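Okay, here's what each chain looks like letter by letter:
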Amino acid sequence: MKVFHSFPALSALSISLLALTACDTQKTAETTTQAEQTSETSNEQDNNNGTTSHAGKTLTVYSYDSFTSDWGPAPKLKESFEANCNCTIDFVPFEDGVTMFNRLRLEGDNPKADVIIGIDNNLLNSAEASGLFAKTDIDISSLELPIEWTNQTFIPYDYGQYAFIYNKEAFAKDGKTPPKSLKELVNNQNYSVIYQDPRTSTVGRGLLAWVNEVYGDQSETAWKALSSHTVTVGKGWSETYEAFKNGESDLVLSYNTSPLYHQIHEDTDKYVAASFDEGHIVQIELAAQLKASDTPALAQDFMAFLLTPEAQKTIATSNIMLPVINTEIEPHFDAFVPEKTLAVPTPDDKTAKAQIAVWQTAVSK
């Protein structure tokens, strides 16, 4: 964000003030020195209290709609961070992380955002290649992820495993049993499925990676089989998950942590993640600072805040994803055991476009 300020020209009165007495000049200098000392003391107190003053500054954060919703992490993160920073956090929502990243590429060297929250490992190489993001000096030594993380530009704030969610009460009523593998889901036309478009959704990109990991050069055949019992392919996670809850499909692509939301916030265990024999693809969600931001210190402070136990608890319980540091969240999360990890994909633009092209060809037939 670029902000330009204009200043008035010196008036005649201003010029005449230059003729003040030496005594007045000395008093002014003494007053200035005292003010500077007071300011330094205040800043030291801020630092001793673990807070940093960014008085009057606004940080614009792009993210996806479920993160910024009333029930997502953004409102609580905003309230908590603003209480100490003396600043304003302005969240701007998009349907999904891919849509958000595409907007940033269109904005180029003049982005309206200072920070983005919600790209992931599937977009990592493309994001790095864009040259839009700045390296940070955030301490990432406390990170605990399925893979070692050394990237100082893209900072993880949560992670999860993709999974297909079903309603066990509806399955019991219909006499169905959940699929035990991705191949069973793809080939069994008795399962109606909803998933997200890989062109617009990071969750859809996850399924793209999952199918390519399991099927390899037979991916087009798999997509054709799946398309025959796919109800709809939605733009983003929110609309597809809502459609599933409304009974429009047997299963929906989401995360194996999704049932925790219903257990914690709705006191029901009827929603279950199907466990697949092949293993589950991992998504690591990332935050990054734009190079063009005019509030880089505020941006880094905010991203560092995302790794604190307080913020991690908020993100985990509101975004229903796993924390990236070792900290207690709440009993359901603390007891959660991830499935077998199949892969953490990081495709480049060329690979992603080729995989999307195969998907488009298959589902259009």
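Keep in mind it's a predicted model, so treat the numbers as computed, not measured.

Engineer: In this structure, what is going on with unusual backbone geometry? I would like to understand it.
Structural biologist: Glycine aside, residues mostly have negative phi angles, and peptide bonds mostly take the trans form. Located in the positive-phi region is aspartate 267, a residue other than glycine, with phi close to 55 degrees. Its location among the elements puts aspartate 267 in the loop between helix H12 (258-265) and strand E9 (271-273). Judged by its relative accessible area of 70%, aspartate 267 is exposed. Here isoleucine 320, not a glycine, exhibits a phi torsion of approximately 55 degrees, which is positive. Of note, isoleucine 320 is situated in the loop between helix H14 (309-319) and helix H15 (331-334).

Engineer: Would you take a moment to explain the pairing of strand E6 (residues 193-196) for this structure?
Structural biologist: Note on strand geometry: in a regular strand, side chains alternate between the two faces of the sheet. The two faces of E6 match: Val193 and Tyr195 on one face and Ile194 and Gln196 on the other face are all buried. Direction of pairing for E6 relative to strand E7 (residues 230-234): parallel, over a ladder of 4 bridges. Bridge pairing in E7 links isoleucine 194 to threonine 232. In terms of strand pairing, E6 meets strand E8 (residues 251-255) through 2 bridges, oriented parallel. If you follow valine 193 over to E8, its bridge partner there is leucine 251.

Engineer: How should I be thinking about the nonpolar core in this particular structure?
Structural biologist: What tends to happen in soluble globular proteins is that the nonpolar side chains get buried as a cluster. Within the largest apolar cluster, 61 residues are counted, with the highest numbers of intra-cluster contacts made by Ile116, Ile117, Ile119, Phe133 and Phe302. Among residues more than four places away in sequence, those in contact with phenylalanine 302 are Leu59, Val61, Phe81, Ile89, Phe91 and Ile117.

Engineer: It is not clear to me how the pattern of salt bridges should be interpreted in this structure. Could you clarify?
Structural biologist: Tallied over the full model, the rule gives 8 salt bridges. Residues arginine 105 and aspartate 349 are paired through a salt bridge, measuring 3.3 Å at the closest nitrogen-oxygen approach. One end of the pair, arginine 105, is in helix H5 (residues 97-107); the other, aspartate 349, is in helix H16 (residues 349-363), with 244 residues separating them in the sequence. Of the residues examined, arginine 105 reaches a relative accessible area of 37% and is grouped as partly exposed.

Engineer: Before we go on, may I ask you to explain the environment of proline 259 in this structure?
Structural biologist: Along the chain, proline 259 turns up in helix H12. Judged by relative accessible area, which is 6%, proline 259 ranks as buried. Excluding residues that lie within four positions of it along the chain, proline 259 makes contacts with Ile165, Tyr271, Val272 and Ala273.

Engineer: How should the side chain of serine 258 be read in this particular structure?
Structural biologist: Examined against the element boundaries, serine 258 turns out to sit in helix H12. The exposure class of serine 258 is buried, given its relative accessible area of 7%. With residues near it in sequence (within four places) discarded, serine 258 still touches Ile165, Tyr241 and Ile320.

Engineer: Can you walk me through the packing of helix H4 (residues 74-85) against H14 in this structure?
Structural biologist: For any two helices packed against each other, the geometry comes down to the angle between their axes and how far apart the axes lie. Here H4 crosses H14 at 165 degrees, and the two axes come no closer than 9 Å. In terms of their interaxial angle, H4 and H14 are classed as roughly antiparallel. For the element pair H4 and H14, the recorded crossing hand is right-handed. Taking contact as the criterion, the partners of Lys76, Leu77 and Ser80 in H4 are, on H14, Glu310, Ala311, Thr314, Ile315 and Ser318. Tallied by class, the residues present in the contact of H4 with H14 amount to 3 nonpolar, 3 polar and 2 charged.

About the thresholds
Every chain is numbered independently, its residues counted from 1 as its sequence is written. Local features are withheld for residues below a pLDDT of 70 in this predicted model, meaning they are given only at 70 or higher, and side-chain atom pairs are given and counted only at 80 or more; totals for whole chains, interfaces and linings count all residues. Calculated side-chain values reflect all of the structure's heavy atoms, with hydrogen atoms and water omitted. For helices the rule is a DSSP run of H or I covering at least 4 residues; for strands it is a run of E covering at least 2, with both sets numbered from the N terminus onward. The cut-offs for exposure are 20% and 50% of the maximum accessible area for each residue type, with area from a 1.4 Å probe on protein chains only; residues under the lower value are buried, those over the upper are exposed, and the others partly exposed. Pairs of strands are assigned from DSSP output, requiring at least two bridges between the strands. Nine residue types can take part in a nonpolar core, namely buried Ala, Val, Leu, Ile, Met, Phe, Trp, Tyr and Cys, and a core is a set of them joined through side-chain atoms within 4.5 Å. Only heavy atoms matter for contacts: two residues are in contact if any of them lie within 4.5 Å across the pair. Note on definitions: salt bridges are taken to be side-chain nitrogens of Lys or Arg within 4 Å of carboxyl oxygens of Asp or Glu. Think of each axis as a best-fit line through the C-alpha atoms, taken over the contacting stretch in the case of a helix, with angles from 0 to 180 degrees between the N-to-C directions. Angles below 35 degrees are treated as roughly parallel, those above 145 as roughly antiparallel, those between 65 and 115 as roughly perpendicular, and all remaining angles as oblique. Should the near helix be turned anticlockwise from the far one by less than a right angle, the crossing is termed left-handed; should it be turned clockwise, right-handed. Residues are grouped as follows: nonpolar covers Ala, Val, Leu, Ile, Met, Phe, Trp, Tyr, Cys and Pro; charged covers Asp, Glu, Lys and Arg; every other residue, Gly included, is treated as polar.

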